[in-house]
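Listed here are the chains, written in short residue letters.
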Amino acid sequence: MTRRITRGPRLAAVAGTLAAALALGACGSDDDSSTSTAAATGTGSATSASAEVQDAKLTIGMNSPTYSTQMVTFVAEEKGFFAEEGITDVEVVTSDDYVAGLVSGSLDITQGDTDTLLTAAQKSGDVELIAVYRSKEFQMLAVGEGITKPEDLKGRTVTGGDRGGRNEAVVKQILTKLGLDPKDVRLVPFGGGSDDRLQALLAGKIQATNLFPRHKVPLEEAGGRFLYSEVVDAPQESVAATPKFLEENRPLVEAYLRATLKARQFIADEGNKDEVIRIMREADFEVPDEYVAVFADEVIQISPDGGFDVAAMDALIDEEKELDLVPADLDWRAHFDLEPLWAVQEAL
């Protein structure tokens, strides 16, 4: 499998008309409140794609170069799930322009933030979401040495990352759940990712921030701890194609979904942890030992069947409307085409 990373402006989106909206946003369920719950204990059926998919090439866009984002695709390749489905040439392109690349046709399928994909769908009509990647979210507040209770944070420096972003909103929610008013702390913006926030916390530059399970070991070794920890339904990352690609390549889209759902289920089986880590490290991803130690906790973010909780999607979009991260008139149901996913779920 080919992998390349690009950065910077590349392609511009063009206007278009989106396909008709689906009545429901759930995957594989007659219940309007939740998706199907495919068993995540194996690789599913070995049923392959139709004869229409043979020696196919697929170019997949990624919004992040991290192992956790690209894990499903690389496991699907290494375990032969793509080959079983007639997809024999896979190129992964990591780019900031994962939406523009999709709309221009240089990417066949792309994976990225749900809000970004939905905003593009609303504005151009040339993006259709076909599955969710991460359906859950860690909401964890890490604190530095000497902080033992919520009241210790009063007057201290806290960050949730970029100003006005969703991560900052989550930190404010956690503070409220802990009985604090966000105004009780000095909330500051902070650039970079979670690893950068961890280093700032350990250096004493900040006293609290949102982190992840993989940060537990270095955090506790430095005298810190998690003051709050919860896993919530939040379909924050999705998979998308263009309506044109879906219409012209339905068997290929189903083949991709079938292969990646097998990979999702393989990853969800903790007995396969060592093999998954080997695959990613041999593909030159830097997988830290801290992540390996909490592998089972981390991978529960990945939807095992591509589905999501409808109420959670409603809540996520409502929250992001309040933060002006998505258009105020966004109807997310109008921008999902889940029929290929439902067909694959039923077959597996």
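So, a few notes on the structure that sits alongside this text. (Residues numbered from 1 in each chain as written. Predicted model: local features only at pLDDT ≥ 70, side-chain atom pairs only at ≥ 80, totals over all residues. Heavy atoms only, no water.)

## Observations concerning the overall build of the chain
Next up, step 1: From N to C terminus, the chain includes 14 helices and 9 strands.
Next up, step 2: Every one of the 348 residues in the chain was classed for burial, and the buried ones make up 55%.
Next up, step 3: Once local pairs closer than 6 in sequence are excluded, the contacts in the chain between residues at least 24 apart make up 81%.
Next up, step 4: Total accessible area computed for the chain in this model is approximately 14,600 Å², and 45% of it derives from carbon and sulfur atoms. (Helix = DSSP H or I, 4+ residues; strand = E, 2+ residues; numbered from the N terminus. Buried < 20%, exposed > 50% of the residue type's maximum accessible area, 1.4 Å probe, protein only. Contact = heavy atoms within 4.5 Å. Areas by Shrake-Rupley, 256 points an atom, 1.4 Å probe, with all protein chains shown as cover.)

## Considerations on the nonpolar core
Next up, step 1: Counting residues in hydrophobic clusters, the biggest one holds 69 residues, and the most contacted among them are Met71, Ile87, Val127 and Tyr256.
Next up, step 2: For this core, the element with the most residues is helix H9 (residues 250–268), which contributes 10 residues.
Next up, step 3: Membership of the second largest hydrophobic core comes to 16 residues, among which are Ile147, Leu178, Val185 and Leu187. (Core = buried A, V, L, I, M, F, W, Y, C linked by side-chain atoms within 4.5 Å.)

## A look at the pairing of strand S3 (residues 87–94)
Next up, step 1: Among the 8 residues in S3, 6 count as buried, and that is most of the element.
Next up, step 2: Looking at chain direction, strand S2 (residues 56–62) and S3 are connected through 7 bridges and run parallel. Directly across from Ala56, in S3, lies its bridge partner Ile87. (Pairing = 2+ DSSP bridges.)

## Some thoughts on the pattern of salt bridges
Next up, step 1: Going through the model one piece at a time under the given rule, you end up with 19 salt bridges.
Next up, step 2: In this structure, the salt-bridge partner of Lys262 is Glu85, at a minimum N-O distance of 3.0 Å. A residue pair is termed long-range when its members are at least 10 positions apart, and Lys262 in helix H9 and Glu85 in the loop between helix H2 (81–84) and S3 qualify at 177 residues.
Next up, step 3: Judged by relative accessible area, Lys262 falls into the buried class, the value being 1%.
Next up, step 4: Residue class for Glu85 comes out buried when judged on its relative accessible area of 1%.
Next up, step 5: Taken together, the shared-partner salt bridges connect Lys79, Glu275, Arg278 and Glu282 into one network. (Salt bridge = Lys/Arg side-chain N within 4 Å of Asp/Glu carboxyl O.)

## Comments concerning the packing of helix H1 (residues 67–78) against H9
Next up, step 1: Relative to each other, H1 and H9 sit at 105°, their axes nearing to 8 Å. Overall, the two elements H1 and H9 adopt an arrangement that is roughly perpendicular. Residues Met71, Val72, Val75 and Ala76 of H1 touch H9, and the partners they reach there are Ala259, Thr260, Ala263, Arg264, Phe266 and Ile267.
Next up, step 2: Grouping the constituent residues of the contact of H1 with H9 by class yields 8 nonpolar, 1 polar and 1 charged. (Axes fitted to C-alpha atoms, helices over the stretch in contact; angles between N-to-C directions. Parallel < 35°, antiparallel > 145°, perpendicular 65-115°, else oblique. Nonpolar A, V, L, I, M, F, W, Y, C, P; charged D, E, K, R; others polar.)

## Some words on helix H6 (residues 194–202)
Next up, step 1: What H6 keeps buried is the set Ser194, Arg197, Leu198, Ala200 and Leu201. Across the axial projection of H6, the buried residues extend over an arc of 165°, all falling on one side.
Next up, step 2: Taken together, the buried residues of H6 touch strand S5 (128–143), strand S6 (157–159), strand S8 (208–210) and helix H7 (216–221). (Arc of directions from axis to C-beta.)

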